[in-house]
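Tertiary structure, described
Each chain is listed here by its residues.
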Amino acid sequence: MKLIFEHLFKYLNNNLILKDIDFSLESRKLAIIGHNGSGKTTLLSLIAGLLKPDEGYVSIDGIEPFFEREKIVKHLSFIFEKGNYSYNMSVGNYVKILKKIRDEKYVNDIADILELSKFENANMKELSTGQAQLVYLLSVLTSNKKIIILDEPFSHLDPGRYIKITKFIQNMEKDFILATQSFNEAEELCDEYIVLKEGEILWKGSKKDLYKNNLFEIYLNENNIPGLNVISDMGKVLIAEARIDYLVKLLEDGKILGFKRAGLRRIYGEINLFN
Amino acid sequence: MAKLTYSTEWYLKTIIIHPVYEIILVFSILIELLLLDLKYFNDFLILMIIFLLPLFQTLVGTGIFRDMHLKVFEISLMEGYFNITFSKSVALLISYIPFFIAELLIMVIFHITSFFVPLVLSSLLAIVISLLLSISSNASFSFTALAIFMFIFPIGVQIYIQNLAQLNQQPDLITSSISYILSPLVAYQYWKLRFIELSPFYGFLLDVIFIIILYVLYLLISMRHQIKP
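Residues numbered from 1 in each chain as written. Chains lettered and ligands numbered in written order. Predicted model: local features only at pLDDT ≥ 70, side-chain atom pairs only at ≥ 80, totals over all residues. Heavy atoms only, no water.

Turning our attention to the overall build of chain B. A count of helical and extended segments in chain B gives 10 helices and 0 strands. Computed over C-alpha atoms, the radius of gyration of chain B comes to 18 Å, within 12% of the 17 Å expected from 2.2 N^0.38 for 229 residues, which places it in the range of a compact globule. Once the C-alpha set of chain B is aligned to its principal axes, its extents read approximately 55 × 35 × 30 Å. Across the 229 residues that make up chain B, the buried fraction comes to 52%. Sequence-distant contacts, at least 24 apart, represent 77% of the contacts inside chain B between residues at least 6 apart. A total of about 10,200 Å² of accessible surface is found on chain B, and carbon and sulfur atoms cover 76% of it. (Helix = DSSP H or I, 4+ residues; strand = E, 2+ residues; numbered from the N terminus. Rg over C-alpha atoms; globule rule 2.2 N^0.38 Å. Buried < 20%, exposed > 50% of the residue type's maximum accessible area, 1.4 Å probe, protein only. Contact = heavy atoms within 4.5 Å. Areas by Shrake-Rupley, 256 points an atom, 1.4 Å probe, with all protein chains shown as cover.)

Along the backbone of chain A there are 10 helices and 13 strands. Relative to the globule expectation of 19 Å for 275 residues, the C-alpha radius of gyration of chain A, 21 Å, shows essentially globular dimensions. For chain A, the proportion of its 275 residues judged to be buried stands at 53%. Contacts in chain A between residues at least 24 apart in sequence constitute 67% of all its contacts with a sequence separation of at least 6. The positive charge centre, built from 37 side chains, and the negative charge centre, built from 39, are 3 Å apart in chain A. (Lys, Arg positive; Asp, Glu negative; His and termini not counted. Charge placed at Lys NZ, Arg CZ, Asp CG, Glu CD.)

Moving on, we get to the sheet that holds strand S11 (residues 229–233) of chain A. All names here are of chain A. Across the sheet, which stays open at both edges, the 4 strands sit in the order S11-S12-S10-S13 with antiparallel pairing between neighbours. Across the chains shown, the open sheet's two edge strands, defined by having one partner strand only, are S11 and strand S13 (256–261). Across the sheet, the axes of successive neighbouring strands diverge by a mean angle of 30 degrees, strand direction being ignored. Contacting strand S10 (215–220) and S13, helix H9 (residues 244–252) crosses the sheet at an angle of about 155 degrees to S13. (Pairing = 2+ DSSP bridges. Axes fitted to C-alpha atoms, helices over the stretch in contact; angles between N-to-C directions.)

Counting residues in hydrophobic clusters, the biggest one holds 148 residues, and the most contacted among them are Phe 78, Tyr 85, Tyr 94, Leu 141 and Ile 177 of chain A together with Trp 10 of chain B. Within the second largest apolar cluster, 11 residues are counted, among which are Leu 238, Ala 240, Ala 242 and Leu 250 of chain A. (Core = buried A, V, L, I, M, F, W, Y, C linked by side-chain atoms within 4.5 Å.)

Time to look at the environment of Gln 162 of chain B. Residue and element names in this part refer to chain B. Turning to its location among the elements, Gln 162 is positioned in helix H7 (residues 139–166). Exposure remark for Gln 162: the relative accessible area of 38% places this residue in the partly exposed category. Sequence spacing of Gln 162 and Asp 207 is 45 residues, and the spatial spacing of their C-alpha atoms is 22 Å.

So, about the sheet that holds strand S7 (residues 175–180) of chain A. Residue and element names in this part refer to chain A. If you trace the 6 strands from one edge of the open sheet to the other, you get S5-S6-S7-S3-S8-S9, paired in mixed fashion. In this open sheet, the two strands that pair with only one neighbour each are strand S5 (76–79) and strand S9 (200–206). Adjacent strand axes in the sheet meet at a mean angle of 15 degrees when their direction is disregarded. In the sheet, strand S3 (residues 29–34) pairs with S7 via 5 bridges, with the strands oriented parallel. Note that in S7 the partner of Ala 31 across the bridge is Leu 178.

Bringing H7 of chain B into the picture now. All names here are of chain B. The end-to-end C-alpha separation of H7 is 40 Å, in line with the 40 Å expected for 28 residues at 1.5 Å each. At Ile 152, H7 is deflected by roughly 30 degrees, the largest bend along its length, and proline Pro 154 occurs up to four residues later in sequence. Of all the residues in H7, the buried ones are Ala 139, Ser 142, Ala 145, Leu 146, Ala 147, Met 150, Pro 154, Val 157, Gln 158, Ile 161, Leu 164 and Ala 165. One side-chain oxygen at the N-terminal end of H7 lies 3.2 Å from the backbone nitrogen of Ser 140; it belongs to Asn 138. Directly beyond the C-terminal end of H7, a positive phi value near 60 degrees is found at Asn 168. (Expected span 1.5 Å × (residues − 1). Bend = angle between axes of the 7 residues up to and from the residue. Polar contact = N/O pair within 3.5 Å; in protein donor to acceptor, adjacent residues only side chain to side chain.)

Now for the interface of chain A and chain B. Of the residues lining the interface, 37 residues belong to chain A; the matching set on chain B comes to 30 residues. On the chain A side of the contact with chain B, Arg 69, Tyr 87 and Ile 101 of chain A bury the most area, a combined 21% of that side's loss. Seen at the junction of chain A and chain B, the total is 3 salt bridges. Across the salt bridge formed by Glu 9 of chain B and Lys 100 of chain A, the nearest N and O atoms sit 2.8 Å from each other. (Buried area = accessible area lost by both parts, 1.4 Å probe. Salt bridge = Lys/Arg side-chain N within 4 Å of Asp/Glu carboxyl O.)

As a further point, take helix H8 (residues 173–182) of chain B. All names here are of chain B. For H8, every residue scored as buried is listed here: Ser 176, Ser 177, Ser 179, Tyr 180 and Ile 181. Looking at the buried residues of H8, the elements they touch are helix H6 (116–133), H7, helix H9 (184–192) and helix H10 (200–224). For H8, the side-chain oxygen to backbone nitrogen distance between the N-cap and Ile 174 is 3.2 Å, and the N-cap itself is Asp 172.

Inspection of every chain in the model, using the stated rule, returns 22 salt bridges over all chains. Measuring nitrogen to oxygen at the nearest pair gives 3.4 Å for the salt bridge that ties Arg 102 of chain A to Glu 79 of chain B. Taken together, the residues Arg 102 of chain A in the loop between helix H3 (91–101) and helix H4 (104–113) and Glu 79 of chain B in the loop between helix H4 (68–78) and helix H5 (81–109) connect one chain to another. Comparing Arg 102 of chain A with Glu 79 of chain B, the two get one shared label, buried. Here Lys 146 of chain A ties to Asp 175 of chain A by a salt bridge, and the two come within 3.7 Å at their closest N and O atoms. In this pair, Lys 146 of chain A is assigned in the loop between helix H5 (129–141) and strand S6 (147–151) and Asp 175 of chain A in strand S7, connecting sequence segments 29 residues apart. Lys 146 of chain A gets classed as partly exposed once you look at its relative accessible area, which sits at 40%. Since its relative accessible area comes to 6%, Asp 175 of chain A is described here as buried. Here the salt bridges share partners, and the residues they tie into one network are Glu 115, Lys 118, Asp 158, Arg 161 and Lys 164 of chain A.

Here you go:
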C-alpha cells in the first residue's frame, strides 16, 4: 500500500488531535505506536475514511478516503477496539449471515482458528470483551479487501489465541496497518513503524532503521553489571551498547536472562516517551 | 445488489427479531379489534393515534439506532455507505408491512378505509424521522428523541385543535398545514369533524413533499457525516 499524508491537521471537539502529519511511505505491514490519546485511532479513522481532514491531504493507493468513501470501503476493511455488541442474535447466527456475504469456506476456516464454536450459542450482547474482539476479527479477516486496519485487535486475547491469530496474520496476502501500544506486537508483525505522541509523529522508520544500531535490550537477572554502555534504564530491562560475545558470557553466567536487538524500546527511550 | 439484500436482511433481523416487536404488533391489533365497534370508534382512534401507533413507530425505529462503534463495524461489514443508508430505509418499510396489512384488514372489515392513507403517511413520517435520528451516534439520544416526537406530535396537534374548537375557531392555513405534517391522522380526523378546512388532498400532498425532503436530507447527511470510532 502507498500512504500519503500532507500537512494534515485534525480537530475533534475543538481539540487539536493530529498536528501537521506529513509523510509518505510504501509498506505492506505498518505499525502505528503510541500512548493512549496519542492520536492513533484518529489517524486510522482518517485512513478508513470515517473522518474528514480539517486541513491537509491524505490518500491511500491513490484514493482520498473521506471523499471517495464507496471506493475506500471496497479497498480496505477495519476494526476498532471499542465496546461490545448490542445485537440480539447469537454468534452462530452472525457467522451464518457472514457466510452469505463472504466466502463460506474461508469463514469456516477463520472461525476455527478463532475458536468461535466454543461460544457460538452465546448472545452477541453478552460476550466478554475478548470474545467480542474475536467476532470483530472474524469480520475483518474474512473480507476480501487488499488492506486491513486493526486498532489494538489483540489487547484482550489470551496468549494461545494471540499466537494462532498473529501466525495467521503474518502469512496473509493482505497488507495491514496495526495500531498498538505493544512493542512486541509491532516488532513481530510489522516492517514499517510510526511513533506518535500527542498528535505528532516523533519517529518513522523501517525494520532496518529500527535495528541498525549495535544496541540491545538486556533482561537482567542481577543488578550492577559492569561493561555495559547503558543508554536507557527501565529497571529490569536495559537498553545498552555491548558486544555480543560479552552478552553471551553474561547469559551463561546467569547474570542476565536474555537479550535481543533493541527496537521500539530504544526509540521510546531516545525520544523520551517513557517519561 | 446482493450486498444490498444482505444488509437489508441484517437490519431487518435487528428490528423484527426483537421480541418486543411481535408483542406490540399482536397487542395493538388485539386491542384495536376489541375496541373497534362503531360505537367505540372514537376510543379506538384516540388509542391508536396517541398510544399504539407511537409505541409501534418508536419500537420499530429503535431497531436501526446504533452507537458509534457498531456503526463503524457495520460500515466495514456491509462494505458501503450507500448500502447501509438505503438498506435501513428498506428494512424499516418492510417492518411496517405486517402492521399495514393488519390495519388495512381491520379498516376494511369496519368500513373505515379512508383512514388508511393518513396512517401510511404517519408511518412514513415516522420512518424518515427514525432514519434522520439514526445518523446520531448516540443510540439513547435517538431513542429518546424519537419517542418524544412520536408521542408529542399527535397529542400536541390534538390539544391545539381542540382548544381552538372550544373557542369556536379553526386553525388558519399555516397551522392546518403544520398539523397535517406533524400528525396526518389527527389532522384528517379533525377534517372529518369539520374542525380543519384544509382538504386532505393538499394536506397529504404536503406530507408527501415533507417526507421526500426529509429523506433526501437523510441520504445527503448520512453519506457525508463523520464517524469517530
